[in-house]
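Analysis of the macromolecular model
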Amino acid sequence: MLFIRKGSEPDSLIKYRKEKFAYYDGYEKKDDIRKKLLEEQGYLCAYCMRRINIKNMKIEHWYPEDRLSDVKKLEYSNMLGVCTGHIEGTKGVDDTCDTHKGNILITVSPLDMSTLSKIKYRTSTGEIYSEDKQIQKDLNDTLNLNSSKHLLSINRKTVLNTVIMEMSKMQKKGIWSRRVIESIKEQYEKMDITGKKKEYAGIVLWYLNKKLKQKT
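The notes below deal with the structure included here. Given the structure is predicted, the values throughout are model-derived calculations rather than measurements. (Residues numbered from 1 in each chain as written. Predicted model: local features only at pLDDT ≥ 70, side-chain atom pairs only at ≥ 80, totals over all residues. Heavy atoms only, no water.)

Before going further, it helps to examine the state of the cysteines. Applying the stated criterion to the full structure yields 0 disulfides. For the unlinked cysteine Cys-48, the closest cysteine sulfur is that of Cys-45, found at 3.7 Å. Residue Cys-97 stays outside any disulfide, its sulfur separated by 3.7 Å from that of Cys-83, the closest cysteine. For Cys-97, a relative accessible area of 0% gives the class buried. (Disulfide = S-S within 2.5 Å. Buried < 20%, exposed > 50% of the residue type's maximum accessible area, 1.4 Å probe, protein only.)

Met-1, Tyr-47, Val-108 and Leu-145 are the most contacted members of the largest nonpolar core, which has 58 residues in total. Residue assignment for this core shows that the elements contributing at least two residues are α1 (11-17), α2 (30-41), β1 (57-61), β2 (79-83), α6 (133-142), α7 (152-170), α8 (178-189) and α9 (201-214). Per-element accounting of this core gives the leading share, 8 residues, to α9. Setting aside chain neighbours within four positions, we find Val-108 in contact with Met-1, Trp-62, Thr-115, Leu-116, Ile-119, Ile-135, Asp-138, Leu-139 and Leu-143. (Core = buried A, V, L, I, M, F, W, Y, C linked by side-chain atoms within 4.5 Å. Helix = DSSP H or I, 4+ residues; strand = E, 2+ residues; numbered from the N terminus. Contact = heavy atoms within 4.5 Å.)

What follows deals with the layout of surface pockets. Of the pockets and cavities examined, the largest pocket occupies roughly 760 Å³. For the lining of the largest pocket, the leading source of residues is α9, giving 6 residues. Classifying every residue of the lining of the largest pocket by side-chain character gives 15 nonpolar, 4 polar and 8 charged. Counted as a void, the second largest pocket has a volume near 190 Å³. In terms of lining residues, the second largest pocket is bounded by 14 residues, among which Ile-59, Glu-60, His-61, Glu-65 and Asp-98 are the most central. Element by element, the count of residues in the lining of the second largest pocket is highest for β1, at 4 residues. Grouping the amino acids of the lining of the second largest pocket by side-chain chemistry returns 3 nonpolar, 3 polar and 8 charged. (1 Å grid on protein atoms, 1.4 Å probe; cavity = no way out; pocket = protein on both sides within 12 Å on 5 of 7 lines; lining within 4 Å. Points joined across faces, edges and corners; volume = space filled by probe spheres on them. Nonpolar A, V, L, I, M, F, W, Y, C, P; charged D, E, K, R; others polar.)

With that settled, consider the packing of aromatic side chains. Applying the stated criterion to the full structure yields 2 aromatic pairs. Consider the rings of Tyr-16 and Tyr-27, whose centres lie 5.5 Å apart with planes at 40°: the pair is tilted. Remark: Tyr-27 occurs in the loop between α1 and α2 and Tyr-16 occurs in helix α1; sequence separation between them is 11 residues. The pair formed by Tyr-16 and Tyr-27 is uniform in burial state, with each residue classed as buried. The ring of Tyr-76 carries Lys-6 above its face, with NZ or CZ at 3.9 Å from the centroid. (Phe/Tyr/Trp six-rings, centres within 6.5 Å; stacked < 30°, edge-to-face > 60°. Lys NZ or Arg CZ within 6 Å of the ring centre and 35° of its normal.)

Printed below as a string of structure tokens:
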């Protein structure tokens, strides 16, 4: 999970919200929202960090939609772009992210760095976890981010191992310089020329930040 800095909301949403009796389901230009969310998030699901695009994503209300008034449902600051939460043909079987979360209110938020700072990963398995009991419940149970069906842990581990191999080609493992670590970190922090971030970047940045702390 990566920190998401919210940008400006779509002009069409601002305009629609001023209409009398405006409500979320009545807003017909949701693709405007989807495009903005994709740009903010580097085309990654806000929760699992899988690749998403305008055709295979959902608009998620971090604070559950069914707990909000019609006006509050239209607040862009509460919206995230997420994956569909299921593999094609397996809807309802071991879902993840917003699809699995439903209307449960969670603590961890891609919009709140203080909660993201409590996230850790197991390098041997790719598992995402937290020593904070509530956040651990959010990650593992409510969002189902260690789903074996979706290969999330395996995919995270694979990405991390690829990075470690790449760094080892630059310098022998165990003696990586700060320069090498920071150069790889920059690749996983920024977007490429198409506006995309690398999938599962969270585990890589966590690992590299840990290595940088050991250099201090």
